[in-house]
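Topology and contacts: notes
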Amino acid sequence: VEKRKKLEKTMKLSFTLIASTLVSSAAFNSAPTAFTPSARVLSRSSKSLVSLEGSRRSQKYITRSKWAEARMGESPASESGLMTNDDGLKYVKLVKGDSSAEVYLFGGVVTSYKDAEGTEFIAVRPDAKMDGSKPISGGLSHCWPQFGPGEIQQHGFARNVDWTVKSMSDSELVLEMAPSDYTKAMWDKEFLCTFSVNLEDDKLATKMLVDNKGEESFDFQAALHSYFTVSSLDKLEITGSFEGKEFLNKMAGGDDGEMQTEDRSAITITEEYDRVYTGVNDPVLKDAGTGKTLSVLNTAGYEDTVLWNPYGSEAMGYNNFVCVESAKFTPVTLEGGQSWTGDMALKPEKL
C-alpha cells in the first residue's frame, strides 16, 4: 500500500511537469501578436495584462535566442553570392578562405565580418528590424549626408534607401547610391556615392567615395555608425590617441552637451556613452573575453571617433556591443566635379 501511494504521487508529479512543459512550449512557439489601439485598451484588465506581458517576454526570449544562434552558430565559411533573408531583404555574402562578410543592399550596410577562426566582429542589435521597415540597427551603418540631427532626417538617408550593385565577386562588392525622388525631396543635390567592400586575407577594407556630379558645391558630413561585437563590456577596453584630447560629451551639460578633456589612455564603458572625439581616428578594441583585438584603420577622410553605448538597455543588448564610429564631424564642402573619399578597414589580431 505504501509503495502504491508513492507511485501514484510520483505519477501525478510527472503529469504536472509534462502539462507545465506543454504550456510553456506553446507560449514559446506562438506567433507574434499584432496589437491594435483597441486591443491595447482591452488588455488593461489584470488577467489580460499578465497574459500579454508573458507573451511578450516569451517572444523576446525566442527572438534574442534565435539572434544569438544566428550570429554565433554559423560555420565560418560558406558559399558567396547574392542572397535573401527570411524577411525578404537582399544581401551579398563575401567569402575568402574561411573568413566571410555580409552586406545588405538596403542601407548598403555591412552586418557581419568573421575572421578565419569564425570570430564575429560586427554586431547587429537583437531589436533590429531586418525587413526594411526602418534602418538596420547595427553593422557599419552609413550616416550621410548628415550625422545626427539637423536640417534633414536623423543621420541622413543613405542608411534607409536601397543601394544598387555595380560589381561583385566572391570577395569584393561595389555598391552605388544615386539621387532619387525620395532623396531629392529632402536634399536636392547632384551626387553619386560608391561604397566598396573588400574581404582581404587579414582584414575587411571599405571605401566610401562621394562625387559631386553637379556644378554647384554642397556640404555634407559622413560617418560609419559602426557596431562592434564584444564578449561583455567589463572585458573591453578601447585604446588609441584619446588621452589629452577634448571631446563633446552629449550626456552632460544639457541639450548641447559639454566639452571635456579625456585623461585616460584606455577607455572603459561603465555608463551610457555618447561622445565625439575630434582628431582621434586610431581606435583599437581589446576584448579579453575573445582574446582578440580589432584595429579600426581610418586612413582617409574619417578624422574623428564617436563612442556610443546605451548602457543598461537590455532590449538593445547593450552589454554585447559598442559603437566606435568613424566620422568626419566637421562638414565637407565639395565643389562641382570634385570627390571625397573615406577609407576604413578592420584588422583583427590576437590580444
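Here the structure is a predicted model, which is why all the values come from computation and not from measurement. (Residues numbered from 1 in each chain as written. Predicted model: local features only at pLDDT ≥ 70, side-chain atom pairs only at ≥ 80, totals over all residues. Heavy atoms only, no water.)

**Section: the overall build of the protein**
As a reminder, the rule being used: Strands here mean DSSP runs of E at least two residues long; helices mean DSSP runs of H or I at least four residues long; both are numbered from the N terminus. We call two residues in contact whenever any of their non-hydrogen atoms come within 4.5 Å of each other. Using a 1.4 Å probe, accessible areas were evaluated by the Shrake-Rupley method; residue-level cover was limited to the displayed protein chains.
A count of helical and extended segments in the protein gives four helices and 20 strands. Relative to all contacts within the protein whose residues are 6 or more apart in sequence, the contacts with residues 24 or more apart total 63%. Surface exposure of the protein reaches about 18,100 Å², of which carbon and sulfur atoms provide 51%.

**With respect to the environment of Gly88**
For Gly88, the position within the fold is in the loop between β1 (81-84) and β2 (90-96). Put simply, Gly88 and Gly132 are 44 residues apart on the chain and 8.6 Å apart in space, counted from C-alpha to C-alpha.

**Section: the side chain of Lys292**
The following threshold applies: Polar contacts, as used here, are pairs of N or O atoms within 3.5 Å; protein pairs need one atom able to donate a hydrogen and one able to accept it. Residues neighboring in sequence count only if both atoms are side-chain atoms.
When you line up the elements, Lys292 lands in strand β17 (residues 292-300). At 2.8 Å, the side chain of Lys292 forms a polar contact with the side chain of Thr119. Excluding residues within four positions of it along the chain, Lys292 makes contact with Asp115, Glu117, Thr119, Phe121, Leu285, Lys286, Asp287, Glu349, Lys350 and Leu351.

**Observations regarding the sheet that holds strand β16 (residues 284-287)**
We count it as follows: Strand pairing is assigned whenever DSSP identifies at least 2 bridges connecting the two strands.
Here we have nine strands laid out as an open sheet, ordered β6-β7-β8-β9-β20-β17-β16-β11-β14, and antiparallel in their pairing. The open sheet has two edge strands, β6 (164-168) and β14 (266-267), and neither has a second partner. The pairing of β17 with strand β20 (residues 339-350) spans eight bridges and is classified as antiparallel. Paired with Val296 across the strands is Leu346, a residue of β20.

**Thoughts on the pattern of salt bridges**
We apply this condition: We define a salt bridge as a side-chain nitrogen of Lys or Arg found within 4 Å of a carboxyl oxygen belonging to Asp or Glu.
Inspection of every chain in the model, using the stated rule, returns 16 salt bridges. Two residues, Glu117 and Lys292, come together in a salt bridge whose shortest N-O distance is 2.6 Å. Of this pair, Glu117 sits in the loop between β4 (109-114) and β5 (140-143) while Lys292 sits in strand β17, placing them 175 residues apart in sequence. A salt bridge links Arg264 to Glu262, with the nearest nitrogen and oxygen atoms 2.8 Å apart. Taken together, the shared-partner salt bridges connect Asp115, Glu117, Lys292 and Lys350 into one network.

**What about the pairing of β2?**
Counted only if it meets this: Summary of the burial criterion: residues with accessible area below 20% of their type's maximum are buried, those above 50% are exposed, and those between are partly exposed, where the area comes from a 1.4 Å probe applied to protein chains only.
Across the seven residues of β2, five count as buried, placing the element largely inside the fold. Pairing of β1 with β2, which is carried by four bridges, proceeds in the antiparallel orientation. What sits directly across from Gly81, in β2, is Lys93. With antiparallel pairing between neighbouring strands as the criterion, β1 and β2 make up a hairpin whose turn holds five residues, including Gly88 at a positive phi of roughly 95 degrees. Examined bridge by bridge, β2 and strand β3 (residues 99-104) share six bridges and lie antiparallel to one another. Along β3, the bridge assignment pairs Val95 with Ser100.

**Describing the packing of aromatic side chains**
As a reminder of what qualifies: Here a pair means two rings of Phe, Tyr or Trp (six-membered ring of Trp) with centres within 6.5 Å. Their orientation is stacked below 30 degrees between planes, edge-to-face above 60, and tilted elsewhere. Look at NZ for Lys and CZ for Arg. If either is within 6 Å of the ring centre and within 35 degrees of the ring normal, a charge sits over the ring.
In total, this model carries 21 aromatic pairs according to the counting rule given. For the ring pair Trp187 and Phe191, a centre distance of 5.8 Å and an interplane angle of 50 degrees mean the geometry is tilted. Grouping residues by exposure puts Trp187 and Phe191 together as buried. A centroid spacing of 5.1 Å and a plane angle of 65 degrees characterise the contact between Tyr311 and Tyr318, whose relative ring orientation is edge-to-face. According to the relative accessible area criterion, Tyr318 is buried, its value standing at 14%. Here the aromatic residues Trp144, Phe157, Trp187, Phe191, Phe218, Phe220, Tyr302 and Trp340 are joined through ring pairs into a cluster of three or more. Lying across the ring of Tyr273, Arg275 places its NZ or CZ 4.0 Å from the centre.

**Some points on the environment of Asn85**
Along the polypeptide, Asn85 turns up in the loop between β1 and β2. Judged by relative accessible area, Asn85 falls into the buried class, the value being 15%. In the structure, Asn85 is positioned 19 residues away from Tyr104 in sequence and 9.7 Å away in space, judged by C-alpha atoms. A polar atom in the side chain of Asn85 sits 2.9 Å from the backbone nitrogen of Asp87. Of note is the side chain of Asn85, whose polar atom sits 2.9 Å from the backbone oxygen of Met130.

**Here's the deal with the nonpolar core**
Note the cut-off: Nonpolar cores were defined as sets of buried Ala, Val, Leu, Ile, Met, Phe, Trp, Tyr and Cys residues, with membership established by side-chain atoms within 4.5 Å.
In terms of nonpolar packing, the biggest core is built from 57 residues, with Trp144 and Leu346 touching the most fellow members. Beyond its immediate stretch of four places on either side in the chain, Leu346 contacts Tyr113, Ile122, Leu140, Asp202, Lys203, Leu204, Phe228, Leu294, Ser295 and Val296. Counting residues in hydrophobic clusters, the runner-up holds nine residues, among them Tyr91, Tyr104, Val109 and Met130.

**Things to note about the pairing of β3**
Most of β3 is tucked away: six of the six residues are buried. The side-chain alternation of β3 yields two buried faces, one formed by Ser99, Ala101 and Val103 and the other by Ser100, Glu102 and Tyr104. The turn linking β2 back onto β3 is made up of two residues, and Gly97 within it adopts a positive phi angle of 65 degrees. Note: β3 against β4, five bridges, orientation antiparallel. The residue of β4 that forms the bridge with Ser100 is Lys114. Counted between consecutive antiparallel strands, the loop separating β3 from β4 contains four residues, among which Gly107 sits at a positive phi close to 85 degrees.

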